[in-house]
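# Coordinate analysis (summary)
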Amino acid sequence: MRNIAIKVSYDGTDFNGYQIQPRGRTVQGELEKAIRHLSGEEVTLIGSGRTDAGVHAMGQVCNFRTTSAIPVERWAIALNTRLPGDVIILEAWEVPYEFHSSKSAKRKTYRYTIDNGKFPDVFRKRYRFHHPARLDTEAMSRGLAHLIGTHDYTSFTSTHSTKPSHIRTIYEARLIQEGSVIHIELTGNGFLYNMVRVIAGTMMFVGQGKLRPDGIKTILDGCDRSLAGPTAMPHALMLVAVEYDE
């Protein structure tokens, strides 16, 4: 029995999220179907995270166990010929049997992208949230700084979260501006349900002047979802990378 890890990129627009659901098309479902067609095996794919419907990924990491003798360097090429056009495997490699793409992950990076131009870019609007009114990026940067560290992020997660603890660590919280495009990029040891989207929605409140940058600390300390801003739309969120120990 071998344990194979794969790095997957996908456009989440037409998916009902990563994880298999009773109804709707999912990334996990397409990947497991492709593996079944290639090796004849019924595998259960383990993902590093469960992206919501409409959310994209540049570097989702998954793993599965197989008895197939297919050389590891052939998996990506062979599976890509069996996958739809909105899912691409970028690489595959063999990992220790105990490797678990979610539990073994050390750092994850998500990016939320806002188009702050007067008009949306028709070629990129599937991946950006259009906000035509000017945002104060300097204030947003100051607000993001309050999120760095180990905190209880109850205020920044959905009330439907089922996690027993909402304590997480954010290592980096950056605002990157490229012309009229604003990226909010967060790196942490893990993220709660809707956490990045709630942070993005709250930061847009800061950018609009509806909330002071130092108000983020008050929201954190309050541990109450009603204190934070709205949950931003999913289509502008991207899972950028998942990192592991060597």
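Before any of the text, the structure's been laid out above.
All figures in this text were calculated on a predicted structure; none of them were measured in a lab. (Residues numbered from 1 in each chain as written. Predicted model: local features only at pLDDT ≥ 70, side-chain atom pairs only at ≥ 80, totals over all residues. Heavy atoms only, no water.)

## Some details on the pairing of strand S5 (residues 107-115)
- Of all 9 residues in S5, 7 are buried, a share of seventy percent or more.
- Bridging between S5 and strand S10 (residues 237-243) involves 6 bridges; their strand directions are antiparallel. Across the sheet, residue Arg111 finds its bridge partner in S10, namely Met238.
- Sheet analysis places S5 next to strand S9 (residues 181-188), joined by 8 bridges and oriented antiparallel. (Buried < 20%, exposed > 50% of the residue type's maximum accessible area, 1.4 Å probe, protein only. Helix = DSSP H or I, 4+ residues; strand = E, 2+ residues; numbered from the N terminus. Pairing = 2+ DSSP bridges.)

## Let's talk about the packing of aromatic side chains
- One pass over the full model with this rule turns up 4 aromatic pairs.
- Consider the rings of Tyr10 and Phe15, whose centres lie 6.5 Å apart with planes at 70°: the pair is edge-to-face.
- Here Tyr10 falls in the buried class, since its relative accessible area comes to 4%.
- Aromatic pair Phe64 and Trp75: ring centres 5.2 Å apart, planes at 70°, arrangement edge-to-face. With Phe64 in strand S3 (residues 56-66) and Trp75 in helix H2 (residues 72-80), this pair connects stretches of sequence that are 11 residues apart. Grouping residues by exposure puts Phe64 and Trp75 together as buried.
- Its end group placed over the ring of Tyr97, Arg65 keeps NZ or CZ at 4.2 Å from the ring centre. (Phe/Tyr/Trp six-rings, centres within 6.5 Å; stacked < 30°, edge-to-face > 60°. Lys NZ or Arg CZ within 6 Å of the ring centre and 35° of its normal.)

## Quick notes on the side chain of Gln28
- Turning to its location among the elements, Gln28 is positioned in helix H1 (residues 27-39).
- Residues within four places of Gln28 in sequence aside, it is in contact with Tyr18, Gln19, Ile20 and Leu45. (Contact = heavy atoms within 4.5 Å.)

## Quick word on the nonpolar core
- Counting 67 residues, the largest nonpolar core has Ile6, Leu31, Leu147 and Phe156 as its most contacted members.
- For this core, the element with the highest residue contribution is helix H4 (residues 195-208), accounting for 8 residues. (Core = buried A, V, L, I, M, F, W, Y, C linked by side-chain atoms within 4.5 Å.)

## A few points about the side chain of Thr66
- Within the secondary structure, Thr66 is located in strand S3.
- Polar contacts involving the side chain of Thr66 include one to the side chain of Glu41, which spans 2.4 Å.
- Once residues within four sequence positions are removed from consideration, Thr66 is found in contact with Met1, Arg2, Ile4, Glu41 and Trp75. (Polar contact = N/O pair within 3.5 Å; in protein donor to acceptor, adjacent residues only side chain to side chain.)

## Thoughts on the environment of Ser226
- Summarising the element assignment, Ser226 is placed in the loop between helix H5 (215-222) and S10.
- Residues Ser226 and Gln21 lie 205 residues apart in sequence; the distance between their C-alpha atoms is 29 Å.

## Things to note about the packing of H1 against H2
- Axis separation between H1 and H2 bottoms out at 10 Å; the angle between their running directions is 110°. By the angle class used here, H1 and H2 are roughly perpendicular. Residues Ala34, Ile35, Leu38 and Ser39 of H1 form the contact with H2, whose participating residues are Trp75, Ala78 and Leu79.
- Counted by class, the contact of H1 with H2 contains 6 nonpolar, 1 polar and no charged residues. (Axes fitted to C-alpha atoms, helices over the stretch in contact; angles between N-to-C directions. Parallel < 35°, antiparallel > 145°, perpendicular 65-115°, else oblique. Nonpolar A, V, L, I, M, F, W, Y, C, P; charged D, E, K, R; others polar.)

## Notes on H5
- Turning to H5, its buried residues are Gly215, Ile216, Ile219 and Leu220. End-on view of H5: buried residues confined to an arc of 145°, all on one side of the axis. For H5, exposure combined with an orientation more than 90 degrees from the buried face picks out Thr218 and Asp221.
- For H5, the elements touching its buried residues are helix H3 (137-145), strand S7 (149-152) and H4.
- Positioned one or two residues after H5, Cys223 has a phi angle of 50°, which is positive. (Arc of directions from axis to C-beta.)

## Notes on the pattern of salt bridges
- Tallied over the entire structure, the rule returns 17 salt bridges.
- Among the salt bridges present, the one from Arg107 reaches Glu243, with a minimum N-O distance of 3.4 Å. Taken together, the positions of Arg107 in strand S5 and Glu243 in strand S10 put the pair 136 residues apart, joining distant regions of the chain.
- You can call Glu243 partly exposed: its relative accessible area is 34%.
- Overlapping salt bridges bring together Arg107, Arg111, Glu172, Arg174, Glu185 and Glu243 as one network. (Salt bridge = Lys/Arg side-chain N within 4 Å of Asp/Glu carboxyl O.)

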